[in-house]
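Remarks on the overall topology
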Amino acid sequence: MRTKGIIVQKYGGSSVADPGKIMGVARRVAACGKKGYDVVVVVSALGGTTDELLDLAGQISKRPSERELDMLMSTGEQVSVALLAMALHNLGEEAISFTGAQVGIITDSTHTKAKIIDINTARIGKELKSGKIVIVAGFQGVNLDQDITTLGRGGSDMTAVALAKALKAKMCEIYTDVKGVYTADPRIVRGARKLDGISYEEMLEMASLGAQVMQARSMEVAGKFNVPVHVRSSFSKEEGTMITKEVKAMEDVLVRGVTANKDEAKVTVCDVPDKPGEASRMFERLAKADINVDMIIQNVSRRKATDISFTVPKKDLHKTRNVVEKAVREIGAGGVEYDENIAKVSVVGIGMRGHSGVAARMFSALASEKVNIKMISTSEIKISCVVGKKEADRAVKAIHRAFGLGKGVRKS
Ligand code: ADP
Ligand code: ASP
Ligand code: MG
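The structure contained in this document is the topic of the report that follows. (Residues numbered from 1 in each chain as written. Chains lettered and ligands numbered in written order. Predicted model: local features only at pLDDT ≥ 70, side-chain atom pairs only at ≥ 80, totals over all residues. Heavy atoms only, no water.)

Bringing the overall build of the chain into the picture now. Each helix and strand in the chain was counted, giving 11 helices and 20 strands. Relative to its length of 412 residues, the chain is compact, with a C-alpha radius of gyration of 23 Å against a globular reference of 22 Å. In terms of overall dimensions, the chain has C-alpha extents of about 75 × 55 × 35 Å along its principal axes. Out of the 412 residues belonging to the chain, those deemed buried represent 51%. Taking contacts inside the chain between residues at least 6 apart in sequence as the whole, the part at least 24 apart equals 75%. Accessible area of the chain: about 19000 Å², with a carbon and sulfur share of 51%. In the chain, 62 positive and 49 negative side-chain charges are present, and the distance between their average locations comes to 4 Å. (Helix = DSSP H or I, 4+ residues; strand = E, 2+ residues; numbered from the N terminus. Rg over C-alpha atoms; globule rule 2.2 N^0.38 Å. Buried < 20%, exposed > 50% of the residue type's maximum accessible area, 1.4 Å probe, protein only. Contact = heavy atoms within 4.5 Å. Areas by Shrake-Rupley, 256 points an atom, 1.4 Å probe, with all protein chains shown as cover. Lys, Arg positive; Asp, Glu negative; His and termini not counted. Charge placed at Lys NZ, Arg CZ, Asp CG, Glu CD.)

A few words now on the site of ligand 2. Around ligand 2, a shell composed of Ser-44, Thr-50, Glu-77, Phe-139, Arg-153, Gly-154, Gly-155 and Ser-156 is seen. Backbone polar atom of Gly-154 to an oxygen atom of ligand 2: 2.9 Å apart, as the coordinates give it. Residue classes in the shell around ligand 2 are distributed as one nonpolar, five polar and two charged. (Near = heavy atom within 4 Å. Polar contact = N/O pair within 3.5 Å; in protein donor to acceptor, adjacent residues only side chain to side chain. Nonpolar A, V, L, I, M, F, W, Y, C, P; charged D, E, K, R; others polar.)

As a further point, take the pattern of salt bridges. In the structure shown here, the tally under the stated rule is 27 salt bridges. Across the salt bridge formed by Lys-34 and Glu-93, the nearest N and O atoms sit 2.5 Å from each other. One end of the pair, Lys-34, is in helix α1 (residues 19-34); the other, Glu-93, is in the loop between α3 (66-90) and β3 (95-98), and 59 residues separate them in sequence. Among the salt bridges present, the one from Lys-194 reaches Glu-238, with a minimum N-O distance of 3.0 Å. (Salt bridge = Lys/Arg side-chain N within 4 Å of Asp/Glu carboxyl O.)

So, about the side chain of Arg-256. You can see Arg-256 is positioned in the loop between β12 (241-244) and β13 (257-261). Here Arg-256 falls in the buried class, since its relative accessible area comes to 6%. Within the structure, the side chain of Arg-256 is placed 2.8 Å from the backbone oxygen of Met-250, a separation counted as a polar contact.

Thr-176, Asp-177, Asp-185, Arg-187 and Gln-212 are the nearest of the 19 residues found near ligand 1. At a separation of 2.8 Å, an oxygen atom of ligand 1 approaches a polar side-chain atom of Asp-185. In isolation ligand 1 has 570 Å² of accessible area, and contact with the protein removes 89% of it. Residue composition of the shell around ligand 1, grouped by class: nine nonpolar, six polar and four charged.

What follows is about the sheet that holds strand β6 (residues 133-137). Judged by pairing direction, the sheet is mixed, and its eight strands sit side by side in the order β3-β6-β2-β1-β9-β11-β12-β10 without closing on themselves. Edge positions in the sheet fall to β3 and β10 (197-199), since each of these pairs with one other strand and no more. For this sheet, the mean angle separating the axes of adjacent strands, direction not counted, is 20°. Helix-sheet contacts for α1 involve β1 (6-11), β2 (38-43), β6, β9 (171-176) and β11 (229-233), and the interaxial angle to β1 is about 170°. (Pairing = 2+ DSSP bridges. Axes fitted to C-alpha atoms, helices over the stretch in contact; angles between N-to-C directions.)

We now examine the sheet that holds strand β19 (residues 375-379). Sheet architecture is open: four strands sit in the order β13-β18-β20-β19, paired in antiparallel fashion. Strands with a single pairing partner mark the edges of an open sheet, and in this sheet they are β13 and β19. Each adjacent strand pair in this sheet contributes to an overall mean axis angle of 20°, direction not counted. As judged from the seven bridges shared by strand β18 (residues 342-348) and strand β20 (residues 382-388), these two strands associate in the antiparallel manner. Of the residues in β20, the one forming a bridge with Val-345 is Cys-385.

This is the structure:
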């Protein structure tokens, strides 16, 4: 056992994409141990692996069993933890790798998006005590029947945050291929600015709305248990972004960031009879099928019928079709239309709570780029607009500019 406490470090797929990068990660991990910390490392699959595995499954079956998908996808992380352990051994470090099941990460049985219900930290504690660096496969756990589960895409973030909470770690460091959390995806907006700090709530919203840098669900857990998270680069020593509880000064900034989500599709059910209970029947079924319905808009009723539009994740469109088409027949609606060529662009900021005019500024930024708005939804700290998918990047850049979020621009 070292003296300074525990640090959980998580390295994402692009940080361990090849042997050279894995060696680089090993050097960073070893350096952290040398500073006197007990290090628990969470690793993702080598960059692109999970997608390749999913693609393989798709070549065998159109709709593979979710239990078998978990069995398949979890293999990616098993490869990277073993390789990182070997790399650390090469550096003369004592290190040991584990699967999620081996370190007691117990989840429910919702395959492909399981929730962690408990972590038994005894094994990790024992290995740390004996002076070892502990390496844990991200993204995976095991249910009470010993079936392997996965925690949803980007789920290694969840493994890291949950372990940091369970081990009472000093810090949960998320190492990735950008230097922190930016005002917009730095790959889309060249002038995006790295944030020094962001609140759990804002990061949760940004992640849910498309900022892939953190898995949204991991932010719920971090916020609930106040786990300090530091998002930073695997390839530089620079400080990144601290994700923490909200502090007063954070409210001074109107908009923290702009996001785009291109992974949703819009469903419009036409001529739904305008009677109490009709819509609820359809949404109950969608919920039962575990489909996450996002924006919902009901138009004004004409001639005792109304149109209802909503968005769902594109990956659930097949399931959605089955449920909705059955519901359409049952409730006697006119028909259903699907639009996969959409994107949701959003602004997020806790500063919006006390200010008006954010929506107007966002809409006028879109109008100035001649981007047509198809749907709008708002909450206390975010505003989202559905636009055409092709226009999404242009829309994000225009909104980013309109709120003065770029480098060298005064924070608005
Ligand atoms: P990892 O493999 O390390 O988990 P991810 O690909 O999941 O990395 O997340 C990092 C990516 O998130 C970045 O490469 C970046 O393009 C994207 N991203 C989207 N929005 C943001 C944002 N606001 N700030 C930082 N990165 C973002
Ligand atoms: N390998 C998994 C994914 O690609 C988990 C992760 O990278 O966090 O989603
Ligand atoms: Mg990720």
